[in-house]
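Each chain, written out:
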Amino acid sequence: MKSFFLFLFIAVSSVYSHGQILQEDTETEFPGGMSAFYDFVINNIIYPKQAHRNKISGIVFVEFYIDEQGKVNQDSVRIVPASEMRRVAGDELANEITSNRFLEREAIRVIKKSPAWIPGKESGRPVAQKIVFPVSFDKDLFKSPRKGKIRMA
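Residues numbered from 1 in each chain as written. Predicted model: local features only at pLDDT ≥ 70, side-chain atom pairs only at ≥ 80, totals over all residues. Heavy atoms only, no water.

Student: In this structure, what is going on with the packing of helix α2 (residues 34-44) against helix α6 (residues 101-112)? I would like to understand it.
Tutor: The packing of two helices is summarised by the inter-axis angle and the distance between the axes. Relative to each other, α2 and α6 sit at 125°, their axes nearing to 10 Å. What the angle tells us is that α2 and α6 run oblique. α2 and α6 meet at a crossing whose hand is right-handed. Contact with α2, carried on its side by Phe-37, Phe-40, Val-41 and Asn-44, involves Glu-106, Arg-109, Val-110 and Ile-111 of α6 and no other residues of that element. Of the residues contributing to the contact of α2 with α6, the split by class is five nonpolar, one polar and two charged. (Axes fitted to C-alpha atoms, helices over the stretch in contact; angles between N-to-C directions. Helix = DSSP H or I, 4+ residues; strand = E, 2+ residues; numbered from the N terminus. Parallel < 35°, antiparallel > 145°, perpendicular 65-115°, else oblique. Left-handed = near helix turned anticlockwise from the far one by under 90°. Contact = heavy atoms within 4.5 Å. Nonpolar A, V, L, I, M, F, W, Y, C, P; charged D, E, K, R; others polar.)

Structure follows, in structure tokens:
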């Protein structure tokens, strides 16, 4: 009987400590969640006049790292090449991916001005983590720009 309780204690202790380890590993998070980050991007995008004039729209994928302090590593911000994203995005999304330099510059500008994030953790310690984020320049804005939702550069 003693050996049964000893086994049970060890098993419960193991499960409990394993649960703590999982709780110590977290993903990088924007304060308020990803919907708040989408709002930040939408509220700070300035649609480049050249792209708007030529009715260029699409999705630009930006890769960046959030450092151990929760800040965007300014040197890490880069555009993921459209050809690379088309290979992994699938047919439906592939046609929306663009490689327009004006849209790319604006996407990088907005990501670089992001406020601090909550850094990810591994084994309870803050770590830098990579984010790949789609910035969408919507073609519907050509028809009737919504006041307060789009600005022109």
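So much for the structure itself; the text now carries on.
Student: Is there a simple way to explain the pairing of strand β2 (residues 58-66) in this structure?
Tutor: Looking along a regular strand, one sees the side chains alternate between the two faces of the sheet. Most of β2 sits inside the fold, with eight of its nine residues counted as buried. Both β2 and strand β6 (residues 129-137) contribute to a ladder of nine bridges, which runs antiparallel. Bridging across to β6, Tyr-65 finds its partner in Lys-130. Judged from the two bridges that link them, β2 and strand β3 (residues 78-79) form a sheet pairing that is antiparallel. Across the sheet, Val-62 pairs through a bridge with Ile-79, a residue of β3. (Buried < 20%, exposed > 50% of the residue type's maximum accessible area, 1.4 Å probe, protein only. Pairing = 2+ DSSP bridges.)

Student: Before we go on, may I ask you to explain the sheet that holds β3 in this structure?
Tutor: Whenever strands of a sheet pair, they do so through backbone hydrogen bonds, lying parallel or antiparallel. Judged by pairing direction, the sheet is antiparallel, and its three strands sit side by side in the order β3-β2-β6 without closing on themselves. Since the sheet does not close on itself, it has two edges, and those belong to β3 and β6, each with one partner. Sheet contacts for α6: β2, β3 and β6; angle to β2, the most-contacted strand, approximately 35°.

Student: Is there a simple way to explain the pattern of salt bridges in this structure?
Tutor: Opposite charge on two side chains allows them to pair when their charged atoms are near. If you walk through the whole model with that rule in mind, you get three salt bridges. In this structure, Glu-63 and Arg-78 form a salt bridge, with 3.1 Å as the shortest nitrogen-oxygen distance. With Glu-63 in strand β2 and Arg-78 in strand β3, this pair connects stretches of sequence that are 15 residues apart. On the basis of relative accessibility, which here comes to 11%, the residue Glu-63 falls in the buried class. Accessibility expressed as a relative area gives 31% for Arg-78, which makes it partly exposed. Across the pair Glu-106 and Arg-109 runs a salt bridge whose closest N-O atoms are separated by 2.6 Å. You can see Glu-106 and its partner Arg-109 sitting in helix α6, three residues apart, about one turn around the helix. Glu-106 gets classed as buried once you look at its relative accessible area, which sits at 8%. Through salt bridges with shared partners, a single network forms among Glu-63, Arg-78 and Lys-130. (Salt bridge = Lys/Arg side-chain N within 4 Å of Asp/Glu carboxyl O.)

All we've got here are geometric facts, nothing functional implied.
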